[in-house]
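Commentary on secondary and tertiary structure
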Amino acid sequence: MIPLPRIAFVASLLLIIVNLPLAAQTIDVDITPAHATNRFAPDETLGAGIDRIATKAIDPLLTPAAVAKTLSSGWQTVSYRQNTELLVEAWHWNPEGTWSDSRGQGYFTGSIDLARPIHYSYGYVLPHRGFTRNDGTGNAGYSRLTDGDETTYWKSNPYLTKHFTGEPDSAHPQWVILDLSQPQKIDTIRIAWGASFATRYVVQYFTGDDPIKVATHGVWQSFPLGEITTSKGDVDTIRLSSEAIPARFVRIWMTESSNTCDLRLGGADLRNCVGYAIKELYLGTTTADGKLHDLLRHTPDQEQTTTYCSSVDPWHTPADLITTRQAQLGFDTFYSSGITRGLPAMIPIALIYGTPEDAVAEISYLKKRNYPISYVEMGEESDGQYMLPEDYAALYVQFADALHRLDPALKLGGPSFQGVNKDIEVWPDAAGQSSWVRRFVNYLDAHHHLGELSFFSFEHYPYEPCKLTWASLYDEPELVTHIMQTWRQDGLPSGMPLFITESNLASGASETYLDIFSGLWLADYVGSFLTAGGNGLYYFHYLPLPMEHGCNDSPGSFGMFTVDNNYQIEQPLAQYFVAKMINTEWVQPGGATHQVFPAKADVDDGAGHALVTAYALERPDGQISLLVVNRDQEAAHQMRIRFRDDASKKDSYLEGEVRKITFGRDQYHWHPARTVFLAHAEHNYDATVQTEKDGHADPDGPPVSSKLSGAKDTLYELPAASVTVFRGHTSK
């Protein structure tokens, strides 16, 4: 038995050991001039995006006082997001304009008349829609292919036909897909064609799990009797196989059009005479008496049998303006509000559901107003609309030609991919190539238009909504670095600028957006993007937004502030404070060039996860500036900072006065909202989870500033779960 005094001694010794500070570790920064990974100017590189919002919110959020608070976050250039294409809508960037049909319908071109400033602009739903749902907006709208009404129909985009592309229709096959939710036995399909029908097509089934989500995990197999070469239109009832074949996904692949004019829409417009139109689809089995037993559900809502399509005709009417409750900022409001700081802005054009004529009119209007444009982004999230790369590229060529006839100096780019972390794969082409980006680049190159791609754009929402843990923070530097490497490996030309034109934690908001977690992520994202050679990023959403139902019905917001029901700004959130640190402390605001150098800390969690990350700049004022993230949510860390220069073979250190700015849990803590669950909603369409008391931050900033004396042996304290900027000069 150990004597009691000895037990007490051992316990005291253990207590002392446990409470001893950890041995200091090191952040190494490689400042060898040849090893700089990037050069950038903040006013061109660090921006934010503005999307479609509630119409009644626009004026309150653009008052001088509200704009001043927003601008205080330090974000510089602005990306104007074009939200309407996600909803399969035609964008009327100018409410005033002309219709292609004298009856006041058809294809709309906005007016370039400057008489009336544009305050709001709206989206018009497309009546020839073939999507039940898509990746852009989830469950909004419905398809005309299974809506139970043969007076409505899906029609493909006329700009993908040989009359506009100069290529045979078979170079741009158009398709529709039926999703039966689970495998069903099938031997017959009935197609009620519209005016312009497919004279050649093939009916196929997918051998894998899901051709939309995992396009390369399976192949499209033609039904034994599914190839049609001499269709006469009207109604085709086709026995696909002598015996029923189990299938979940069925595709109609169309390669030759009848080019029959729809006289109801006006035969004088070629766009009403090309492509493919289907009124309704029926699919099932045929019994011995010749009766087709249809498996599809025909209803004009989200409960219909789900369909997808290759493209949609942007033809529409004034009646297709369903709501004005949400609006894009009118261009005159956008540019005159002060939110752009007077800097050139990235401007979108509607390409997927637009026309070249309207795109030219939009840019013409902006040029007549002398509004500065940095870049023109062509379309919105083509991957979320399930477009094949050759189709997007064919539209890109036509729109680029039209816009460059207006102004050869315009910098055009796209395709504004959704926020994905891996390569986008599509059904393999004849050569077996499945990379979307590689096929897009190959098409532009083969058509001598690769030079008209001035930048490549994509969005960054790295995490899956509702599945965020603290460990998710460890993934970010690799996620953004990897996806940029992927695009390069897919064949983007060396040196082509890479822009992230919209970004935040995940595609669905939650209270994680409001916690300190979101600030730490933002610092890692910005730092790793610039270190990896990125050319421009845009935080989303620049203007404050109200709380919305997010993951697991928790309230969340994409914005940097909370607002009340009258859209008055109430409280800054974690990402506001970190954004301000990045934009006004880490970088030197303005247009002067910064150099980025690689930095690495030697502290991890024992499982290979870096607990401390660091991002180093040489600023135009000669200071070395480090953005340091302590992702350890429990412990502070003491670090030395060492600078290595392979050219001079000397190490150096911060010397003299060092400025330290820290933001962590001691400065900010989010207190969640109080919510209750109701078994059934009290009012029509209410959520069953109701917020009884809003969440709030207490304390709610600001970051803490201090001054240190730098030297070789200086230890720099990193509080737990914090972002810190260290700034000073190095020893010579």
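Residues numbered from 1 in each chain as written. Predicted model: local features only at pLDDT ≥ 70, side-chain atom pairs only at ≥ 80, totals over all residues. Heavy atoms only, no water.

In terms of regular secondary structure, the chain is built from twelve helices and 44 strands. Its C-alpha radius of gyration of 29 Å places the chain within 12% of the 27 Å reference for a compact globule of 732 residues. Seen through its principal axes, the chain has C-alpha atoms that stretch 100 × 75 × 60 Å. Per-residue burial for the chain yields a buried fraction of 57% across its 732 residues. Partitioning the contacts of the chain with sequence separation of at least 6, the portion at a separation of at least 24 is 79%. (Helix = DSSP H or I, 4+ residues; strand = E, 2+ residues; numbered from the N terminus. Rg over C-alpha atoms; globule rule 2.2 N^0.38 Å. Buried < 20%, exposed > 50% of the residue type's maximum accessible area, 1.4 Å probe, protein only. Contact = heavy atoms within 4.5 Å.)

A word on the packing of aromatic side chains. Evaluation of the coordinates by the stated rule reveals 44 aromatic pairs. Summarising the aromatic geometry, the rings of phenylalanine 334 and tyrosine 335 are spaced 5.1 Å apart at their centres and angled 80° between planes, so their arrangement reads as edge-to-face. These aromatic residues form a ring-pair network of at least three members: Tyr80, Trp91, Trp93, Phe331, Phe334, Tyr335, Tyr365 and Tyr371. The ring of tyrosine 142 carries the charged tip of arginine 144 above its face, separated from the ring centre by 4.3 Å. Above the plane of the ring of tryptophan 427 lies arginine 251, whose end atom (NZ or CZ) is 4.8 Å from the centre. (Phe/Tyr/Trp six-rings, centres within 6.5 Å; stacked < 30°, edge-to-face > 60°. Lys NZ or Arg CZ within 6 Å of the ring centre and 35° of its normal.)

It is worth spelling out the pairing of strand 6 (residues 89–92) at this point. Alternating positions in strand 6 separate into two faces, Glu89 and Trp91 on one and Ala90 and His92 on the other, with burial throughout. The sheet contact formed by strand 6 and strand 9 (residues 120–125) spans four bridges and is antiparallel. Among the inter-strand pairings, glutamate 89 is bridged to a residue of strand 9, identified as valine 125. (Pairing = 2+ DSSP bridges.)

Here we take up the packing of helix 11 (residues 516–531) against helix 12 (residues 574–586). At a minimum axis separation of 7 Å, helix 11 and helix 12 run at an interaxial angle of 35°. You can see that helix 11 and helix 12 cross each other, and the crossing is right-handed. Listed contacts from helix 12 to Ile516, Ser518, Gly519, Trp521, Leu522, Ala523, Val526, Gly527 and Leu530 of helix 11 are Ala574, Gln575, Val578, Ala579, Ile582 and Trp586. Its residues placed into classes, the contact of helix 11 with helix 12 shows eleven nonpolar, four polar and no charged. (Axes fitted to C-alpha atoms, helices over the stretch in contact; angles between N-to-C directions. Left-handed = near helix turned anticlockwise from the far one by under 90°. Nonpolar A, V, L, I, M, F, W, Y, C, P; charged D, E, K, R; others polar.)

The next subject is the nonpolar core. Inside soluble globular proteins, nonpolar side chains tend to come together where they are buried. Core analysis: the biggest nonpolar cluster contains 201 residues, and Trp75 and Met378 have the highest contact counts within it. Sorting elements by how many residues they give to this core places helix 11 first, with ten residues. The contacts of tryptophan 75, once residues within four sequence positions are left out, are Leu46, Gly47, Ala48, Arg341, Leu522, Val526, Leu537, Tyr539, Tyr542, Met560, Ala579 and Asn583. (Core = buried A, V, L, I, M, F, W, Y, C linked by side-chain atoms within 4.5 Å.)

By the secondary structure assignment, proline 389 is in helix 8 (residues 389–406). For the pair proline 389 and tyrosine 443, spaced 54 residues apart in the sequence, the C-alpha separation amounts to 8.2 Å. With sequence-adjacent residues up to four places away left out, proline 389 is seen in contact with Val426, Trp436, Arg439 and Phe440.

Another point: the side chain of threonine 714. Secondary-structure assignment places threonine 714 in the loop between strand 42 (704–710) and strand 43 (716–718). Taking the relative accessible area as the measure of exposure, threonine 714 reaches 14% and is therefore buried. Within the local environment of threonine 714, its side chain forms a polar contact with the backbone oxygen of serine 709, the two atoms lying 3.1 Å apart. One polar contact links the side chain of threonine 714 to the main-chain amide nitrogen of alanine 711, over a distance of 2.8 Å. Leave out the neighbours within four places in its chain, and threonine 714 touches Met639, Arg640 and Ser709. (Polar contact = N/O pair within 3.5 Å; in protein donor to acceptor, adjacent residues only side chain to side chain.)

This brings us to helix 9 (residues 436–446). Of all the positions in helix 9, only Trp436, Val437, Arg439, Phe440, Val441, Tyr443 and Leu444 are classed as buried. Against helix 8, strand 23 (412–417), strand 24 (455–460) and helix 10 (476–489) lie the buried residues of helix 9.

It is worth spelling out the pairing of strand 31 (residues 594–597) at this point. Inspection of the sheet shows strand 2 (residues 38–40) paired to strand 31 by three bridges, in the antiparallel sense. What sits directly across from asparagine 38, in strand 31, is valine 596.

Within a sheet, neighbouring strands are paired by backbone hydrogen bonds and run either parallel or antiparallel to one another. Read from one edge to the other, the open sheet built from five strands follows the order 14-13-16-11-19, with strand pairing classed as antiparallel. Two strands in the sheet have a free side with no partner beyond their single neighbour: strand 14 (220–228) and strand 19 (306–309). Between one strand axis and the next, the sheet turns by 25° as a mean value, whatever way the strands run. Two elements, strand 11 (residues 174–186) and strand 19, share four bridges in a ladder whose sense is antiparallel. In the sheet register, valine 176 faces strand 19, and the bridge partner there is cysteine 309.

With that settled, the discussion passes to helix 8. Given a rise of 1.5 Å per residue, 18 residues ought to cover 26 Å, and the 26 Å separating the end C-alpha atoms of helix 8 matches this to within 8%. Within helix 8, 15 of the 18 residues are buried, which leaves it mostly tucked inside the rest of the structure. (Expected span 1.5 Å × (residues − 1).)

We now examine the pattern of salt bridges. This model, assessed by the stated rule, comprises 23 salt bridges. We note a salt bridge from arginine 52 to glutamate 89, for which the minimum N-O separation is 3.1 Å. One end of the pair, arginine 52, is in the loop between strand 3 (46–50) and strand 4 (53–54); the other, glutamate 89, is in strand 6, with 37 residues separating them in the sequence. Within this structure, Arg81, Glu377, Glu380, Glu459 and Glu502 form a network of salt bridges that share partners. (Salt bridge = Lys/Arg side-chain N within 4 Å of Asp/Glu carboxyl O.)

Moving on: the sheet that holds strand 20 (residues 326–329). Spatial strand order, 4-20-9-6: four strands in an open sheet with antiparallel pairing. At either margin of the open sheet sits one strand with a lone partner, and together these are strand 4 and strand 6.

Relative orientation of the contacting elements helix 10 and helix 11 amounts to 35°, with a least axis distance of 8 Å. Where helix 10 crosses over helix 11, the handedness of that crossing is right-handed. Counting all contacts with helix 10, which are made through Glu476, Pro477, Val480, Thr481 and Met484, the residues of helix 11 involved are Trp521, Asp524, Tyr525, Ser528 and Phe529. Looking at side-chain class alone, the contact of helix 10 with helix 11 contains six nonpolar, two polar and two charged residues.

Applying the stated criterion across every chain yields a total of one disulfide. A sulfur-sulfur separation of 2.0 Å characterises the disulfide bridge that pairs cysteine 261 with cysteine 273. Across the S-S bond of cysteine 261 and cysteine 273 the torsion is about 105°, and the bridge reads as right-handed. Highlighted residues: cysteine 261 in the loop between strand 16 (245–257) and strand 17 (277–286) and cysteine 273 in the loop between strand 16 and strand 17, separated in sequence by twelve residues. (Disulfide = S-S within 2.5 Å.)

With that settled, consider the side chain of glutamate 377. Residue position: glutamate 377 is located in strand 22 (residues 373–378). Here glutamate 377 falls in the buried class, since its relative accessible area comes to 1%. Only 3.5 Å separates the side chain of glutamate 377 from the side chain of serine 416, close enough to count as a polar contact. Residues contacting glutamate 377, with those up to four places away along its chain left out, are Arg81, Met346, Ile347, Pro348, Ile349, Gly413, Ser416, Phe455, Ser457 and Thr501.

Within the secondary structure layout, glutamate 362 lies in helix 7 (residues 356–368). Separated by 270 residues in the primary sequence, glutamate 362 and histidine 92 place their C-alpha atoms 9.6 Å from one another. Discounting residues that sit within four places of it in the chain, glutamate 362 has contacts with Trp91, Trp93, Phe331, Ile347, Pro348 and Ile349.

The subject of this paragraph is unusual backbone geometry. Across the junction of phenylalanine 540 and histidine 541, the peptide omega takes the value 20°, indicating a cis bond. Mapped onto the secondary structure, histidine 541 falls in the loop between strand 26 (536–540) and strand 27 (548–549). Going from glycine 701 to proline 702, the amide bond is cis rather than trans, its omega being 0°. Looking at the element boundaries, proline 702 is found in the loop between strand 41 (696–700) and strand 42. Positive phi is not limited to glycine here, since serine 181 has a value of about 75°.

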